[in-house]
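# Per-entry structural report
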Amino acid sequence: MAGNCSQPKCYPEDSGCNIEGCINLSDCKYYGKKDSPKKEDKQELENEGHRTSWTGNTMGLYDLNFLTASRKPIFIGVTGVASAGKTTFLATLYCLIRQGAKIGEYSFAGSLTLNGWEDIAWYLSWKSNAEIQFPDHTTNNTGRVPGLLHLTLKNKAGKNIDLILTDAPGEWFDHWSNNINSENAIGAQWIYENCDGFLLFADSDMLSGSQRGNAKRQLKQVSDRLIESINDRPIGLIWSKSDLELPHQTKQQIITHIEATPFKHFNQFETSVQEGAKGKFHKAILESVNWIIEVLNQNCNSLPKISVAKPEDMFLSKRSINE
Ligand SMILES: Nc1nc2c(ncn2[C@@H]2O[C@H](COP(=O)(O)OP(=O)(O)O)[C@@H](O)[C@H]2O)c(=O)[nH]1
Ligand SMILES: [Mg+2]
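What comes next concerns the included structure. In this text, all values refer to a predicted model and were calculated from it rather than measured experimentally.

Rules and cut-offs
- Residues numbered from 1 in each chain as written.
- Chains lettered and ligands numbered in written order.
- Predicted model: local features only at pLDDT ≥ 70, side-chain atom pairs only at ≥ 80, totals over all residues.
- Heavy atoms only, no water.
- Pairing = 2+ DSSP bridges.
- Helix = DSSP H or I, 4+ residues; strand = E, 2+ residues; numbered from the N terminus.
- Axes fitted to C-alpha atoms, helices over the stretch in contact; angles between N-to-C directions.
- Phe/Tyr/Trp six-rings, centres within 6.5 Å; stacked < 30°, edge-to-face > 60°.
- Buried < 20%, exposed > 50% of the residue type's maximum accessible area, 1.4 Å probe, protein only.
- Near = heavy atom within 4 Å.
- Polar contact = N/O pair within 3.5 Å; in protein donor to acceptor, adjacent residues only side chain to side chain.
- Areas by Shrake-Rupley, 256 points an atom, 1.4 Å probe, with all protein chains shown as cover.
- 1 Å grid on protein atoms, 1.4 Å probe; cavity = no way out; pocket = protein on both sides within 12 Å on 5 of 7 lines; lining within 4 Å.
- Sits in = over half its atoms within 2 Å of the grid points.
- Nonpolar A, V, L, I, M, F, W, Y, C, P; charged D, E, K, R; others polar.
- Points joined across faces, edges and corners; volume = space filled by probe spheres on them.
- Contact = heavy atoms within 4.5 Å.
- Salt bridge = Lys/Arg side-chain N within 4 Å of Asp/Glu carboxyl O.

All right, on to the sheet that holds strand β2 (residues 107–110) then. Pairing within the open sheet is mixed, and its seven strands lie in the order β2-β5-β6-β1-β7-β8-β9. This sheet does not close on itself; its edge strands, each paired only once, are β2 and β9 (266–270). Each strand of the sheet is rotated relative to its neighbour by a mean of 30°, with strand direction disregarded. As paired strands, strand β5 (residues 147–154) and strand β6 (residues 160–167) are joined by eight bridges and run antiparallel to one another. In the strand pairing of β6, L148 is matched with T166.

Within the structure shown, the criterion is met by nine aromatic pairs. Ring geometry for F173 versus W176: centroids 6.4 Å apart, planes at 85°, classification edge-to-face. Here the residue F173 and the residue W176 both occupy positions in helix α6 (residues 170–178), the gap between them amounting to three residues, near one helical turn. Take F173 and W176: they sit in the same class, and that class is buried.

Among the 15 residues in the neighbourhood of ligand 1, the closest are listed as S83, K86, T87, T88 and D243. Between ligand 1 and the protein, one listed contact pairs an oxygen atom with a backbone N or O atom of G85 at 3.0 Å. Within the contact set of ligand 1, an oxygen atom lies 2.8 Å away from a side-chain nitrogen or oxygen of K86. Coverage of ligand 1 by the protein amounts to 81% of the 570 Å² it exposes when considered alone. When each cavity is represented as a set of grid points, ligand 1 is found to reside in the second largest pocket. Grouping the constituent residues of the shell around ligand 1 by class yields six nonpolar, six polar and three charged.

With that settled, the discussion passes to the environment of G104. One can find G104 in the loop between α4 (86–98) and β2. Assessed through its relative accessible area of 39%, G104 is described here as partly exposed. Taking the C-alpha atoms as reference points, G104 and N290, 186 residues apart in sequence, are found 5.4 Å from one another.

A separate point is empty space enclosed by the protein. Going through the model one piece at a time under the given rule, you end up with two cavities of 30 Å³ or more. Space inside the largest cavity adds up to approximately 90 Å³. Forming the walls of the largest cavity are 13 residues, and the residues nearest its centre are V81, F201, D203, A215 and L219. Within the residue set of the lining of the largest cavity, elements represented by two or more residues are β7 (197–203), α8 (204–208) and α9 (212–228). Taken together, the residues that form the lining of the largest cavity break down as 10 nonpolar, two polar and one charged.

So, about the environment of D162. Considering the arrangement of structural elements, one finds D162 in strand β6. D162 sits in the buried class, given a relative accessible area of 3%. Linking D162 and P73, residues 89 residues apart in sequence, is a C-alpha distance of 4.6 Å. Those residues in contact with D162, other than ones at most four positions away along the chain, are L67, R71, P73, I74, H150, L151 and T152. Here H150 takes part through its side chain, which lies 2.7 Å from a polar atom of the side chain of D162.

Attention now goes to the pairing of β6. Across a regular strand the side chains alternate sides, sitting on one face of the sheet and then on the other. Among the eight residues that make up β6, seven are buried, leaving the element largely enclosed by the rest of the structure. The sheet contact formed by strand β1 (residues 74–79) and β6 spans three bridges and is parallel. Among the inter-strand pairings, F75 is bridged to a residue of β6, identified as I164.

A few words on the layout of surface pockets. Reported here for the second largest pocket is a volume of approximately 460 Å³. What lines the second largest pocket is a set of 28 residues, among which S83, G85, T88, F134 and K241 lie closest to the centre. If one sorts the elements of the lining of the second largest pocket by residue count, α4 sits on top with five residues. Looking at the lining of the second largest pocket residue by residue, the classes come out as 10 nonpolar, 12 polar and six charged.

Within this structure, the stated rule accounts for seven salt bridges. In this structure, D196 engages K72 in a salt bridge whose closest nitrogen and oxygen atoms are separated by 3.0 Å. Highlighted residues: D196 in the loop between α7 (186–194) and β7 and K72 in the loop between α3 (61–70) and β1, separated in sequence by 124 residues. E270 serves as the salt-bridge partner of K251, at 2.7 Å between the closest nitrogen and oxygen.

Here is the structure:
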């Protein structure tokens, strides 16, 4: 049984109800039922192959089968401690592309998790007394897989790419940076093992406030853990909440710490839910995601050149006699 659902492939606490699509979990006939699923239901699930992700909710692991069967999405791990601004960043990203903003050369072409995006972006879409409303705190559960948000993007040449961005509780990264083998670190370790690139959140608010010593220590710990087996994967450092001032010296201390262990792809971006002068903070949100896509494109092996007499016709051509 997965979490509190009697259906083996449903993780309602992590990703919403995926069998009945119930908004209120208590309405679901399978939720909270301790008895095992009826035999015929079980068979139905076993025979269904790759189920279409139809609810539009944030995806769980099982929904990924459908997406990854046809192509490899780019997985971006959104990492950092609790309240660092991760969910707000994701909600702002969605609001921007919903309005037509581009990520590099790519624009929005669809999503299997529109409900999931709308759930977090809803708060930013309504301002009361001109004050921004923020998304709810991502609940800390003992999930094994984070909430997964999906985007399909398309460029002018008609090339489609799929992105999956993780929305995980920050507490997971706290546990993970202390001990990767702890039961509470499983979800963060899943992100680390499966993501192609990472955004690491540095909270300008916490780093400049009364708890700054603790905030610096936590950030350094998470970054050390991330760098440990990073290989060629990119890490973008996100200075979140950049509408608030963070002393240059503090930033430099953190950069120096991260750069002390050299790794291949590192970049930094100042972002905020506020657009900033000439929209610079919002542009940085789009640029950070685009930078990861570009680095991953460079990392792909280019096809070897085949020496052929007729390069325009791969099927009929022969190797040149002189070679
Ligand atoms: N000033 C400012 N505050 C922010 C910004 N983004 C988030 N916050 C604050 O930080 C809190 C936590 O943000 P959230 O996105 O839930 O953080 P998460 O736990 O990392 O997902 C929010 O409730 C806001 O109060 C921002 O861009 N600027
Ligand atoms: Mg969150």
